[in-house]
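# Secondary and tertiary structure notes
Here are the chains, one letter per residue:
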Amino acid sequence: MRVDEVYFGVLGVAVGLMGLLAVVRGLGLALPNPISTLGVLTISGTFLLWRGVILLSASAFYLQGVVEGLDRRNAQGTVFLGSLMLWIVAGTDLLARLLETIPGGSEQWLASSGEILAVLGPPFSPSVVAAPFALSALAYWSQENEQ
Amino acid sequence: MSQSASVLLMGHPNVGKSALFNRLAGASIAESNYPGTTVEYTKSQLRLNNEPVPIIDVPGTFSLEPKDRAESVAIGFLESEVNPTVVCVIDATRIERGLNLVLEILDRGYEVVIALNMWDEARRKGVDIDADMLADRLGVPVVQTVATEGDGVDDLRSILDRANSSSLASITDRLPSKVHDDSIITGDEPAARWDIVDTIVESVVTYQETDPSLSDQLGQLTIAPKTGLPFAIAVLYGVWAFFSSVAGFFTDGYFVPLFDDHWLPWIQSAFPAEGSWLYFLLVGDPTAVNSFEAFGVLTSGLFVAVGVVLPAILALYLVLALLEDSGYIARLAVLLDAAFHRIGLHGYAIVPMVLSFGCNVPGVAATRTLETNKQRFLTMTLLSVFIPCGAQLGVMLSLIPQYAGYILLYLLVGFFVFGAVLNRIVPGSAPEVAVDIPPLRRPRLANVIMKLSVRIRGFMMSAVPFVLAGVGIVNLLYLGGAVDWLATVFQPVLSGWFGVPEETVPALIAGFMRKDLAIAQLSAVSMSPFQTVMSVVMVSIYFPCVATFAMLIKEGRTSGGIIRAVGGALATLVAALFIWGGLLRVIGIILGVA
Ligand SMILES: Nc1nc2c(ncn2[C@@H]2O[C@H](COP(=O)(O)OP(=O)(O)O)[C@@H](O)[C@H]2O)c(=O)[nH]1
Ligand SMILES: [Mg+2]
């Protein structure tokens, strides 16, 4: 088995578990938010169900890519697409946090740099946690450009 | 070539004509990575040997037998210009069909230069075209270009005065023997023309084996339903999240405090003659504490136009431009093709639909690329009735963020339900077409910014005056007593059928001018949450804004006649208003919230 297959297999399972939790919580079932046990991860907020569905799909894409075998271009594409989905959710998530904080509330026009940096810190949503790990899919992209 | 004869850029849709036009003429018009962007022509000047020469970006055409309005416009140009120089723009990765059009144009005796555009992509795909040989075979100059980078554009410019005509007979004579049979000379026969194309391609093009690239793979995956639909969900989620956080950043972060805490109190006290009609018109309510509710031209009018709608439009147009340029919108079209077929449209109705989310006016204009009167009528009507524009979405997002998503969903479902019904009852055909999918590309920043600035400028010039005038007109009607009178007249329908208070009447009036304004107006009425949702849905459906209505009339004229098109649209919207609005009330009653 190739290294990348193990890597994306593990990532796929992890993303899938977080996605499942997000969907379940998004449907309003009373599973606990992991923030209580794992301080850095929070599964909450608006559009939770949709974000959960996207996480689950990304996970499915990873696993499908692994099953097909990542020496195949098509499977690499599937993995890349899954990563792209994670980046979209993570990117908009961080952007929303940042843009909400920058104006800094009443009586001030710009939040202090400390406040701005603080919102970029933990706790993170699942997609933000997974996004850096998904970056390794970029290797498939650069591989191609080297050829 | 006579010096003042114009230069026509012709070719299939989405081959880079507009990009070349921008390079050649130093102009800036929209290039988009999907077919059908240019439905109107654009004219500019090209300096050739220090003399200005008119140059025209002609809408894309597949052949010289027109199939839709954009194509008729294209062919009209060819026929009406005196001795034009035709620059045939060919997508080098799809050279066959490009050459077919070239032969058609040559066959009619025009002087032609060929731009083999997308040369960069052809090289990446391992397509190698011997341009000199092609020029020899055809007897006209051929230049390789990369319009987006400007490569080859100078060569193209310098070669324009060597444009040549060339008969199909002489072309056939220069070909290797295979097609040397006399039947071919009548190039009007499509089959014969294709034979010539095949022979030319065989002798000038070599294909190298290349692995499909990652972006080709991604391109495939985004249109296969199993992978494409989940990805589409992610993209649409991303669009919505981006839109709401960027618009919210400007509106809630800056404009709301700026207007509410500074501008509104200042103008309320500084403006002279409180209590006069002028004060009422321009400032509105002297005791209002937020800029939505004051409702004067200089308070709510300015606030809605600049503080709410402008940021929303900016955010939305930015993501739309990115999506357009990446080639994703066309993929969404393919993905949704099946759903659209049920309502008698094909996937390309998504292009007008997506444009409509920015503003209904260009959305309605873009229906021109659809084939039949029926399709145009259906799309035009459904868009103007059910698709909320970006301005309207922006106001919804700022006033009722918790319901905006549901309202949008309810309207979209209405789009398909009414589409399916109209498809049954409207006579006419809705032919199948092969959808042309552009490749996925990395969007170019310069192009995105250019498109954004053109659209924002358009918005500032056309929408802002309408918003201000809308506030003024509603206030004048108040002063004249018309609002109260209308409220009494419509009260039975409003409360009886829709269950909303008669105070929504001013909003319905404002809706004639601008939907965004109408929704802003609603915020001043005290209503239950359900009534708010109900009245927003009503305002969205009940009548297109003035600008859209004008466009409906303009386009209706050529899509089956004004009476038929506009009458049909109005009938649809009345039915939609009462049925779809009434249904919402029924749903509300069942859920126990109405
Ligand atoms: N890679 C590449 N892209 C191009 C080239 N020319 C145009 N494009 C892109 O192709 C798309 C279609 O171009 P456009 O000018 O709108 O085509 P038109 O429909 O023929 O006017 C746009 O996304 C352009 O940026 C080229 O030479 N190379
Ligand atoms: Mg164009």
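Attention here is on the structure that accompanies the text. (Residues numbered from 1 in each chain as written. Chains lettered and ligands numbered in written order. Predicted model: local features only at pLDDT ≥ 70, side-chain atom pairs only at ≥ 80, totals over all residues. Heavy atoms only, no water.)

### What about the packing of helix 1 (residues 3-26) of chain A against helix 2 (residues 48-68) of chain A?
Two quantities define a packed helix pair, namely the angle between the helix axes and the distance between the axes. Residues and elements named next belong to chain A. The geometry of helix 1 relative to helix 2 is characterised by a closest axis approach of 7 Å and an angle of 155° between their N-to-C directions. In terms of axis orientation, helix 1 runs roughly antiparallel to helix 2. Judged by the twist between their axes, the crossing of helix 1 over helix 2 is left-handed. (Axes fitted to C-alpha atoms, helices over the stretch in contact; angles between N-to-C directions. Helix = DSSP H or I, 4+ residues; strand = E, 2+ residues; numbered from the N terminus. Parallel < 35°, antiparallel > 145°, perpendicular 65-115°, else oblique. Left-handed = near helix turned anticlockwise from the far one by under 90°.)

### Thoughts on a nonpolar patch on the surface
Residues and elements named next belong to chain B. On the surface, Trp485, Val489, Phe490, Val493, Trp497, Val574, Phe578 and Ile579 cluster together into a nonpolar patch covering about 770 Å² of accessible area. Looking at the nonpolar patch, the elements with two or more residues in it are helix 22 (482-498) and helix 27 (562-591). Here the element with the most residues in the nonpolar patch is helix 22; it accounts for 5 residues. For Phe490, the location among the structural elements is in helix 22. Here Phe490 falls in the partly exposed class, since its relative accessible area comes to 40%. (Patch = residues over 30% accessible without salt bridge, like charges linked within 9 Å, V, L, I, M, F, W, Y side chains within 5 Å. Areas by Shrake-Rupley, 256 points an atom, 1.4 Å probe, with all protein chains shown as cover. Salt bridge = Lys/Arg side-chain N within 4 Å of Asp/Glu carboxyl O. Buried < 20%, exposed > 50% of the residue type's maximum accessible area, 1.4 Å probe, protein only.)

### A short note on the pairing of strand 4 (residues 85-91) of chain B
All names here are of chain B. For strand 4, the tally of buried residues reaches 7 of 7 residues, placing the bulk of the element in the interior. Burial along strand 4 is two-sided: Thr85, Val87, Val89 and Asp91 and Val86, Cys88 and Ile90, pointing in opposite directions, are all buried. Summarising the sheet, strand 1 (residues 7-11) and strand 4 pair through 5 bridges and their orientation is parallel. Bridging from a neighbouring strand, Leu9 pairs with Val87 of strand 4. Here strand 4 runs beside strand 5 (residues 111-117); their pairing, made up of 7 bridges, is parallel. Following the sheet pairing, Val87 is matched in strand 5 by Val113. Crossover handedness for the path strand 4 to helix 3 (residues 95-107) to strand 5: right-handed. (Pairing = 2+ DSSP bridges. Right-handed = clockwise from strand over helix to strand, strands pointing away.)

### Quick word on the state of the cysteines
Summed over the entire model, instances satisfying the criterion amount to 0 disulfides over all chains. Distance from the sulfur of B:Cys545, which forms no disulfide, to the nearest cysteine sulfur (B:Cys389) is 6.5 Å. (Disulfide = S-S within 2.5 Å.)

### Observations concerning the environment of B:Tyr403
One can find B:Tyr403 in helix 20 (residues 401-425). For the pair B:Tyr403 and B:Leu103, spaced 300 residues apart in sequence, the C-alpha to C-alpha distance is 56 Å.

### Some points on the pattern of salt bridges
All names here are of chain B. Summed over the entire model, instances satisfying the criterion amount to 9 salt bridges over all chains. Note that Arg455 and Glu324 form a salt bridge whose closest N and O atoms lie 3.3 Å from each other. On the criterion of sequence distance, the pair formed by Arg455 in helix 21 (residues 445-480) and Glu324 in helix 13 (residues 297-326) is long-range, its members being 131 residues apart. A network of salt bridges, in which partner residues are shared, links Glu324, Asp325, Lys451 and Arg455.

### Examining the sheet that holds strand 2 (residues 42-48) of chain B
Residue and element names in this part refer to chain B. The strand order 2-3-1-4-5-7 describes an open sheet built from 6 strands, whose pairing is mixed. The open sheet has two edge strands, strand 2 and strand 7 (142-144), and neither has a second partner. If you compare each strand with its neighbour and ignore which way they point, the axes differ by 25° on average. Running over the sheet, helix 5 (residues 131-138) touches strand 5 and strand 7 and is turned about 160° from strand 7. (Contact = heavy atoms within 4.5 Å.)

### Things to note about the site of ligand 1
All names here are of chain B. With respect to spatial proximity, 19 residues lie near ligand 1, and among them Asn14, Lys17, Ser18, Ala19 and Asp120 are the closest. One of the side-chain N or O atoms of Lys17 is found 2.7 Å from an oxygen atom in ligand 1. Contact between ligand 1 and Arg441: an oxygen atom at 3.1 Å from a side-chain N or O atom of the residue. Here ligand 1 has 580 Å² of accessible area as a free molecule, and 96% of this is covered by the chains. Mapped by element, the contributors of at least two residues to the shell around ligand 1 are helix 1 (17-25) and helix 4 (119-124). When grouped by side-chain class, the residues that make up the shell around ligand 1 number 6 nonpolar, 7 polar and 6 charged. (Near = heavy atom within 4 Å. Polar contact = N/O pair within 3.5 Å; in protein donor to acceptor, adjacent residues only side chain to side chain. Nonpolar A, V, L, I, M, F, W, Y, C, P; charged D, E, K, R; others polar.)

### Some points on helix 20 of chain B
Helix length check: helix 20 of chain B, at 25 residues, gives a terminal C-alpha distance of 37 Å against a target of 36 Å (1.5 Å per residue), a fit within 8%. Turning to helix 20 of chain B, its buried residues are B:Ala404, B:Ile407, B:Leu408, B:Tyr410, B:Leu411, B:Gly414, B:Phe415, B:Phe418, B:Gly419, B:Leu422 and B:Asn423. (Expected span 1.5 Å × (residues − 1).)

### Points about the interface of chain A and chain B
Taken together, the contact pairs 29 residues of chain A with 28 residues of chain B. Summed over both partners, the interface of chain A with chain B comes to about 2600 Å²; 80% of that surface belongs to carbon and sulfur atoms. Between the two partners, chain A and chain B, sit 0 salt bridges. Joining chain A to chain B, the criterion identifies 1 residue pair in polar contact (both at pLDDT 80 or more). At the level of elements, helix 2, helix 3 (73-101) and helix 6 (138-146) of chain A are the ones that each hand at least two residues to the side of chain A that touches chain B. A total of 15 residues in the side of chain A that touches chain B trace back to one element, the largest contributor, which is helix 3 of chain A. The residue makeup of the side of chain A that touches chain B, split by class, is 19 nonpolar, 7 polar and 3 charged. (Buried area = accessible area lost by both parts, 1.4 Å probe.)

### Re the pairing of strand 3 (residues 51-57) of chain B
Residue and element names in this part refer to chain B. Most of strand 3 is tucked away, with 5 of its 7 residues classed as buried. In the sheet, strand 1 pairs with strand 3 via 3 bridges, with the strands oriented parallel. Directly across from Leu8, in strand 3, lies its bridge partner Ile56. In this structure, strand 2 lies alongside strand 3, joined through 7 bridges in antiparallel fashion. Across the sheet, residue Gln45 finds its bridge partner in strand 3, namely Pro54. Once strand 2 ends, the chain turns through 2 residues before running back antiparallel as strand 3, passing Asn49 with a positive phi of about 45°.

### Things to note about the nonpolar core
Side chains that are nonpolar tend, in soluble globular proteins, to be buried together. Ranked by size, the top nonpolar core spans 150 residues in total, and within it A:Phe8, B:Phe386, B:Phe415 and B:Ile541 carry the most contacts. Here this core gets 15 residues from one element, more than from any other, and that element is helix 13 of chain B. With sequence-adjacent residues up to four places away left out, B:Phe415 is seen in contact with B:Phe340, B:Ile343, B:Met353, B:Leu382, B:Leu383, B:Phe386 and B:Ile387. Formed by 44 residues, the second largest nonpolar core is a distinct cluster that contains B:Ile56, B:Leu103, B:Val112 and B:Ile171. (Core = buried A, V, L, I, M, F, W, Y, C linked by side-chain atoms within 4.5 Å.)

### Things to note about unusual backbone geometry
The step from A:Pro122 to A:Pro123 runs through a cis peptide bond, and the omega angle for that step is 5°. Of note in this structure, B:Ala273 is not a glycine but carries a positive phi near 60°. Position of B:Ala273 among the secondary structure elements: in the loop between helix 10 (225-270) and helix 11 (277-282). Phi is positive for B:Phe295, close to 60°, though the residue is something other than glycine. Residue position: B:Phe295 is located in the loop between helix 12 (291-294) and helix 13.

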